[in-house]
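Working through the structure, step by step
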Amino acid sequence: MIHIQIHVSGIVQGVGFRPFVHRLAKTHHLMGVCFNSGEGVEIHVEGSETSVHAFLSNLQTQAPALAQIQKITATEGPVQAYSSFEIIESQTGSHETLIAADIAPCEDCVRELLDPQDRRYRYPFINCTNCGPRYTIIQDIPYDRKNTTMSAFSLCPDCEKEYTDITNRRYHAQPNACKCCGPQLEYIGNSTLNDPLKNAIQDLKQGKIVAIKGIGGIHLACDARDPQAIRRLRQRKHRETKPLAIMVKDLETAKEFVRLDPIEEKILNSPERPIILCAKHDPQACQDLSHTKELGIFLPYSPLHILLLQECTALVMTSANLHDLPVLIDNEEAKEQLKDIADSFLLHDRPIENRCDDSLMRIVNQAPYFIRRSRGYVPLPLTTQEDVSGILAVGAHQKGSFALGKDHQAFLSPYIGNMENLETFAHYHKALKTMERLFSITPSLVACDLHPDYTATQYAQSLNLPLVPIQHHHAHMASCMEDNQLHEPCFGIIWDGTGWGEDQTIWGSEFLIGDLNSYQRCGSILPIPLLGGEKAIHEIARIALAMSWQTDKEIALLEDSTQENLKKIGRHASVFSSGMGRLLDGFYSLITKKTHQTYEGQAPVALEAMAKPVAKRYPTAYQTKNKIRYFDWTPMVKACLEDTDPQEYKAQKIHNTLIQMAIEQTCALNPDHLPVILSGGCFQNQILLKGIISGLKKHGYRVYWHRRVSCTDEGIALGQLAIAQKRM
Ligand code: ZN
Ligand code: ZN
Ligand code: FE
């Protein structure tokens, strides 16, 4: 007979962990106790050595679906001679345990949902300890029903029985509910069937647009196979060109639209249910959903979605929001703000406390490559290399984000959006305050971007805490280093649209050498004049013209008089950018003669989408000034203007040239073969990402890209956190 004390840390509260331990102890005929402690679950067991060891190994391998065990420690102690195994009262005052993310219905719940004999048959809010909403319904800690948006619903006797029965799958499942006692659907619209769900389904089948309240926000939905419905949705939402994601019934349906490899299938079907950008069978297909070669696909992640998709097998599901504002979560606000967009509404009376948009990723080299890390992942922390306690990193601007540090963990914000709007900042602020409360974090140090005008920077300054301003591209680099758990000196290739440089100009095609503490800028591209400043980001012809004027080639993109005026301004251009985004904007305009883009990133995405494989490229050239080696793009522009090949090949050659440039710069600037870091929003571009990775590997470089956070500005807070920790 031996006695073992076991400490389990990680996500082990509110996920059915103690009942699981109870069952496991019984299975192995062990006696003892189990309770929640300060940092997880504490277990004391006694029994034969073989049984205890079997128990220990099963603890790891058979843990409940939602549990995420970070560490198990076991120490032997004196035998207490317990006569039973029991769950005892939690140690009070412990607010240290982690909170799970929102998880798709488990297999058991799906089976019950579709079983006519089950008492929850077709009940759209079915859940259990292994699945269901978590972060989106929590208001305060500890994670108890009274501290969630389920507090208004009292359990009926049947649900109560499940809730208090340790052998039941719904033991202490906080959102537990049924038809009699739980949330109900509400339909607002013109259909007159006797069931809200059937009304919404009828509307969708008739090509109507339905606002549907989900887990972390409200979607606008329409039939994905009805081109007219899609066109109406785009017009009403003023979303003419941005790609739309579709939710499909199952993997079989997904395969009608896209090619899936086994990893994509696995992650599409994972409890997190992200949207994955997958390759279309035919790049020309589904142009009304997406102009690129990819289509965003996801599977139903709430019981309501499952019921809807049983009937409508492929739905466009896009966040219900207006003009770049945060996704709507409130019933009344939705009814008011969407009245001219949605034909009908399928809402419910379980409030969404914490807004959480759908996560979005690609699969790169068999692993997730986040574009947006949100629902299903937030608020799970990322492990950090150092103790980052008390640090708040406030992120950047276009894609707002924050990171809060505690011990060796970084808690990252859900998707926030463009910090230009007051409403977005309000969302940011609420999410920040919620996370501070949920994880008992009081910031004592703030990291922010160097840019003086960013809302987040100004917020950081207002906190009256020690402030660490961090250069934008250094933060990108540190984000990718922390993402890959690197701390030694690295060589960063950081390509994005805009970031404030140390010299008060706009940077964005940076080659940096440094570590988490400091960096040196050793390479970039020659700055591009932005005629009329910010205006050029939308009127990309201005960039193309400015680039062409550096060569002896003239092109006509705008009206003669406009071009003449711009040329005059051009001689005195005062705003310059070395952003890779701007270079791609300019080249896109040069080869397509398109003069505008409606949102930042549209032109580079279109340039990538149009490229047709060809091996050729344009020439490269370099100039070194003040110890910085600049890529001189003039010969490339000249060759591109002289090129008579079709646009599709030009687009590919532009990518090939930039890949070659990255490799030449790396060979010249990183002769010591420091690990190479790829970060910045331009590395959403798969041609650049994959081309640079494989090119550098051929030259014997170790190359690292993002795995846990986005390469865009959304991921920047993690880097700010890591740098602030070093400089503290
Ligand atoms: Zn379940
Ligand atoms: Zn009930
Ligand atoms: Fe950036």
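Residues numbered from 1 in each chain as written. Chains lettered and ligands numbered in written order. Predicted model: local features only at pLDDT ≥ 70, side-chain atom pairs only at ≥ 80, totals over all residues. Heavy atoms only, no water.

What follows covers the overall build of the protein. From N to C terminus, the protein includes 22 helices and 30 strands. Scaling as 2.2 N^0.38, a compact globule of 728 residues should have a C-alpha radius of gyration of about 27 Å, and the protein matches this with 27 Å. Dimensions of the protein, computed from the C-alpha atoms along their principal axes, are close to 90 × 65 × 50 Å. A burial count over the protein gives 61% of its 728 residues as buried. Counting only contacts in the protein whose residues sit at least 6 apart along the sequence, the fraction spanning at least 24 positions is 70%. Here the protein has roughly 28100 Å² of accessible surface; of this, 49% comes from carbon and sulfur atoms. (Helix = DSSP H or I, 4+ residues; strand = E, 2+ residues; numbered from the N terminus. Rg over C-alpha atoms; globule rule 2.2 N^0.38 Å. Buried < 20%, exposed > 50% of the residue type's maximum accessible area, 1.4 Å probe, protein only. Contact = heavy atoms within 4.5 Å. Areas by Shrake-Rupley, 256 points an atom, 1.4 Å probe, with all protein chains shown as cover.)

Glancing now at the domain arrangement of the protein. Assigned domains within the protein: domain 1 (2–87), domain 2 (185–348), domain 3 (381–484 + 712–727) and domain 4 (497–704). Each of domain 2 and domain 3 has a C-alpha centre, and these two points are 31 Å apart. At the interface, four residues of domain 2 touch five residues of domain 3. When the two sides are added together, the surface that domain 2 and domain 3 hide from each other amounts to roughly 340 Å², 61% of it contributed by carbon and sulfur. The three residues of domain 2 that bury the most area against domain 3 are Asp324, Leu325 and Pro326, which together make up 97% of that side's buried surface. Inspection of the region where domain 2 meets domain 3 yields zero salt bridges. Where domain 2 touches domain 3, the interface holds one residue pair in polar contact (both at pLDDT 80 or more). Of the residues contributing to the side of domain 2 that touches domain 3, the split by class is two nonpolar, one polar and one charged. (Domains from an automatic or database assignment. Buried area = accessible area lost by both parts, 1.4 Å probe. Salt bridge = Lys/Arg side-chain N within 4 Å of Asp/Glu carboxyl O. Polar contact = N/O pair within 3.5 Å; in protein donor to acceptor, adjacent residues only side chain to side chain. Nonpolar A, V, L, I, M, F, W, Y, C, P; charged D, E, K, R; others polar.)

Right, let's get into the coordination of the zinc ion (ligand 2). Taken together, the protein donors to the zinc ion (ligand 2) comprise Cys156 (SG), Cys159 (SG), Cys178 (SG) and Cys181 (SG), at separations of 2.3 Å. Geometry at the zinc ion (ligand 2) is tetrahedral, judged from the four donor atoms that bind it and their angles of 104 to 118 degrees at the metal. Sequence positions of the residues that donate to the zinc ion (ligand 2) give the spacing C-x2-C-x18-C-x2-C. Taken together, the positions of cysteine 156 in the loop between α3 (107–113) and α4 (157–164) and cysteine 178 in the loop between α4 and β6 (185–188) put the pair 22 residues apart, joining distant regions of the chain. Accessibility classification places cysteine 156 together with cysteine 178 in one group, the buried group. (Donors = N, O, S within 2.8 Å, 3.2 Å for Na, K, Ca; no water. Tetrahedral: all angles 85-135°; square planar, octahedral: opposite > 155°, others 65-115°.)

Further remarks concern the sheet that holds strand β1 (residues 2–11). Strand pairing within a sheet occurs via backbone hydrogen bonds; the two strands may be parallel or antiparallel. A sheet is described by the order of its strands in space; here five strands give the open sequence β4-β1-β3-β2-β5, paired in mixed fashion. Of all the strands in the sheet, the pair left with one neighbour each is β4 (68–77) and β5 (85–87). Adjacent strand axes in the sheet meet at a mean angle of 15 degrees when their direction is disregarded. In the sheet, strand β2 (residues 31–37) pairs with strand β3 (residues 40–47) via seven bridges, with the strands oriented antiparallel. From the neighbouring strand, asparagine 36 faces β3, where its bridge partner is valine 41. Where helix α1 (residues 17–27) meets the sheet, it contacts β1, β2, β3, β4 and β5, and its direction lies at approximately 175 degrees from that of β5. (Pairing = 2+ DSSP bridges. Axes fitted to C-alpha atoms, helices over the stretch in contact; angles between N-to-C directions.)

To continue, consider the pattern of salt bridges. The full count for this structure, using the stated rule, is 32 salt bridges. In this structure, the salt-bridge partner of arginine 120 is glutamate 162, at a minimum N-O distance of 2.6 Å. Taken as a pair, arginine 120 in the loop between α3 and α4 and glutamate 162 in helix α4 lie far apart in primary sequence, 42 residues in all. For the pair arginine 120 and glutamate 162, one class covers both residues: buried. Here arginine 225 and glutamate 256 are joined by a salt bridge, their closest N and O atoms 2.8 Å apart. Within this pair, whereas arginine 225 is found in the loop between β8 (218–223) and α6 (227–237), its partner glutamate 256 is found in helix α7 (residues 251–257), the two being separated by 31 residues in sequence. Classification of arginine 225 as partly exposed rests on a relative accessible area of 40%.

With that settled, consider the nonpolar core. Inside soluble globular proteins, nonpolar side chains tend to come together where they are buried. Phe17, Ile43, Phe55 and Leu59 are the most contacted members of the largest nonpolar core, which has 94 residues in total. For phenylalanine 17, the contacting residues outside a window of four places in its chain are Val8, Val12, Val41, Leu59, Ala63, Pro64, Ala67 and Ile69. Counting residues in each nonpolar core, the second largest holds 70 residues, with Leu557, Met580, Ile654 and Ile692 among its members. (Core = buried A, V, L, I, M, F, W, Y, C linked by side-chain atoms within 4.5 Å.)

By the criterion of burial, strand β14 (residues 360–364) is predominantly enclosed, with five of the five residues buried. Going residue by residue along β14, you find Leu360, Arg362 and Val364 tucked away on one face and Met361 and Ile363 tucked away on the opposite face as well. Pairing between strand β10 (residues 275–279) and β14: two bridges, direction parallel. From the neighbouring strand, isoleucine 276 faces β14, where its bridge partner is methionine 361. The pairing of β14 with strand β15 (residues 367–372) spans five bridges and is classified as antiparallel. Note that in β15 the partner of leucine 360 across the bridge is arginine 372. Between β14 and β15, which pair antiparallel and follow one another directly, the connecting turn spans two residues, one of which, asparagine 365, has a positive phi of 45 degrees.

Attention now moves to the coordination of the iron ion (ligand 3). Within the first shell, the iron ion (ligand 3) binds the protein through His472 (NE2), His476 (NE2), Asp496 (OD) and Asp713 (OD), at distances of 2.0 to 2.3 Å. Bound by four donor atoms, the iron ion (ligand 3) shows angles of 84 to 172 degrees at the metal and therefore irregular coordination geometry. Motif for the iron ion (ligand 3), donor spacing along one chain: H-x3-H-x19-D-x216-D. Of the two residues, histidine 476 sits in helix α13 (residues 472–483) while aspartate 713 sits in the loop between β30 (703–704) and α22 (716–727), which places them 237 residues apart along the sequence. Residue histidine 476 is classed as buried on the basis of its relative accessible area of 1%. The exposure class of aspartate 713 is buried, given its relative accessible area of 11%.

What follows is about the side chain of serine 679. Along the chain, the position of serine 679 falls in strand β29 (residues 676–679). Residue class for serine 679 comes out buried when judged on its relative accessible area of 0%. Engagement of the side chain of serine 679 in a polar contact is seen with the side chain of histidine 706, the distance being 2.8 Å. The contact partners of serine 679, leaving out residues within four places of it in the chain, are His476, Cys480, Ile493, Ile494, Trp495, His706 and Cys711.

Attention now moves to helix α12 (residues 455–462). Because each turn of an α-helix spans 3.6 residues, side chains separated by three or four positions end up pointing in the same direction. Restricting attention to buried positions, one finds in α12 the residues Ala456, Thr457, Tyr459 and Ala460. Projected onto a plane normal to the axis of α12, the buried residues spread over an arc of 160 degrees and lie on a single side. Looking at the buried side of α12, the elements it contacts are α11 (422–438), β20 (445–449) and β21 (467–470). Remark: asparagine 464 follows α12 within two positions and exhibits a positive phi of approximately 55 degrees. (Arc of directions from axis to C-beta.)

This part covers the packing of aromatic side chains. Counting across every chain of the model gives 13 aromatic pairs. Members of the aromatic cluster, each reached through a chain of ring pairs, are Phe402, Phe425, Tyr428 and Tyr459. (Phe/Tyr/Trp six-rings, centres within 6.5 Å; stacked < 30°, edge-to-face > 60°.)

Moving on to the sheet that holds β10. The ten strands are arranged β6-β13-β7-β8-β12-β9-β11-β10-β14-β15 in an open sheet whose pairing can be described as mixed. Looking at the sheet topology across the chains shown, the edges are occupied by β6 and β15. For this sheet, the mean inter-axis angle between neighbouring strands, taken without regard to orientation, is 35 degrees. Of the pairings in the sheet, the one linking strand β9 (residues 246–248) to strand β12 (residues 314–319) comprises three bridges and is antiparallel in character. From the neighbouring strand, isoleucine 246 faces β12, where its bridge partner is valine 316. Its contacts with the sheet put helix α5 (residues 196–205) on β6, β7 (210–213), β8, β12 and β13 (344–348), and the angle it makes with β6 is roughly 45 degrees.

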